[in-house]
Amino acid sequence: MSRKPLREVKNTSTFKSEHEYFHVNASDIERYNYIKHSLSRAISNNELYIELQPQYDATQNVISSEVLLRWKHPHMGTVSPSEFIPIAEENDFIAELGLWVCSEACGLLSECQSKKINTKLSVNISAKHLARADFVSKFVAIVNKWRVSHKNLTLELTEGALIRGVSVIQRRVRELAEQGFSLSIDDFGLGDSNLNYLQDLPITELKVDRVFVEAMEGSQQKTLLVTSICNMAKALHINTVAEGIETTGQLDQAKACGCGAFQGYYLDKPMSVDDWKSKISEKQYKEGS
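Keep in mind that what you see is a predicted model, and the values were worked out from it rather than measured.

**Some words on the confidence of the model for the protein**
For the protein, per-residue confidence averages 87 on the pLDDT scale, and residues scoring 70 or more make up 86% of the total. Within the model, pLDDT remains below 50 along residues 1-19, and this stretch shows 50 contacts once partners closer than five positions in the same chain are excluded.

Structure follows, in structure tokens:
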């Protein structure tokens, strides 16, 4: 079946997805509608699952892990998040998916706490979901139900969504920070440049986009740019994570630029919950011995 589902768009609408699904022929429209229909029952049919990708500090300690949503459809097989997330946002399924991921993450953190394993998790939050009036109350209710420490959960929001969202999104960010959650800006450097929000909002982390990390190996200009981002973040007491590390060279350069944490296939691919538990338990044991 032919498909070309995604196109980057410059959205002036405040809470639209940063990607927009577009149709090129009848089979694409059919697939779109099939995914939309299937998404409405993906949770109840137990088709969704999560994977985790660890983040490391400069001494190879796991300091956090990103929770990634996956979908294995009984007939289509694995559906890429880049395809189903925009459809979920367009059809108001994103809130249900977001709360499901939050519950899964909190369940894991609760299990870790009971085993005296100290770790943190980050979850991606859609701007459209965050803008809902009931987001903070429902999110906090799930976290409290699992008796998870708020400081161990980071919420990731894209830079573009944060800037376009202006008052509503920024108000939610402040409410979450007051509750003790950490806030991270994902894909930093790709959004519309307006750095005032870094001073105005309680941001605790910047994730330097993989585009800059990949380009550093062959570009002094990009290396200087990443160094400038890290220096600026350090001055504002904000942590930095280099995303998309795929080579030793990229890791070394990201360290030299001043990044404090690192994530990517070179360090670890996204892994199943069971594999992640084994890795975290092993790391904790080694660090404690």
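That covers the picture; the talk isn't over yet.
**Observations regarding empty space enclosed by the protein**
Tallying each qualifying case throughout the model produces 2 cavities of 30 Å³ or more. One number sums up the size of the largest cavity: a volume of about 40 Å³. Taken together, L155, L157, L162, V173, L183, S184, I185 and I203 form the lining of the largest cavity. Among the elements that make up the lining of the largest cavity, the one with the highest residue count is strand β8 (residues 182-188) (3 residues). Here the residues of the lining of the largest cavity sort into 7 nonpolar, 1 polar and no charged. Of the volumes computed, that of the second largest cavity is approximately 40 Å³. Around the second largest cavity, the lining residues are I125, L130, L155, E156, L157, V173, L176 and L183. Elements with a contribution of two residues or more to the lining of the second largest cavity: β7 (153-158) and α6 (159-178).

**Describing the nonpolar core**
Of all hydrophobic cores here, the largest spans 79 residues; its most connected members are L39, L121, F139, L155, L162, L176 and L206. Examining the composition of this core, we find that 11 residues originate from one element, helix α3 (residues 94-114), more than from any other.

Conventions we followed
Residues numbered from 1 in each chain as written. Predicted model: local features only at pLDDT ≥ 70, side-chain atom pairs only at ≥ 80, totals over all residues. Heavy atoms only, no water. pLDDT = per-residue confidence, 0-100. Contact = heavy atoms within 4.5 Å. 1 Å grid on protein atoms, 1.4 Å probe; cavity = no way out; pocket = protein on both sides within 12 Å on 5 of 7 lines; lining within 4 Å. Points joined across faces, edges and corners; volume = space filled by probe spheres on them. Helix = DSSP H or I, 4+ residues; strand = E, 2+ residues; numbered from the N terminus. Nonpolar A, V, L, I, M, F, W, Y, C, P; charged D, E, K, R; others polar. Core = buried A, V, L, I, M, F, W, Y, C linked by side-chain atoms within 4.5 Å. Buried < 20%, exposed > 50% of the residue type's maximum accessible area, 1.4 Å probe, protein only.

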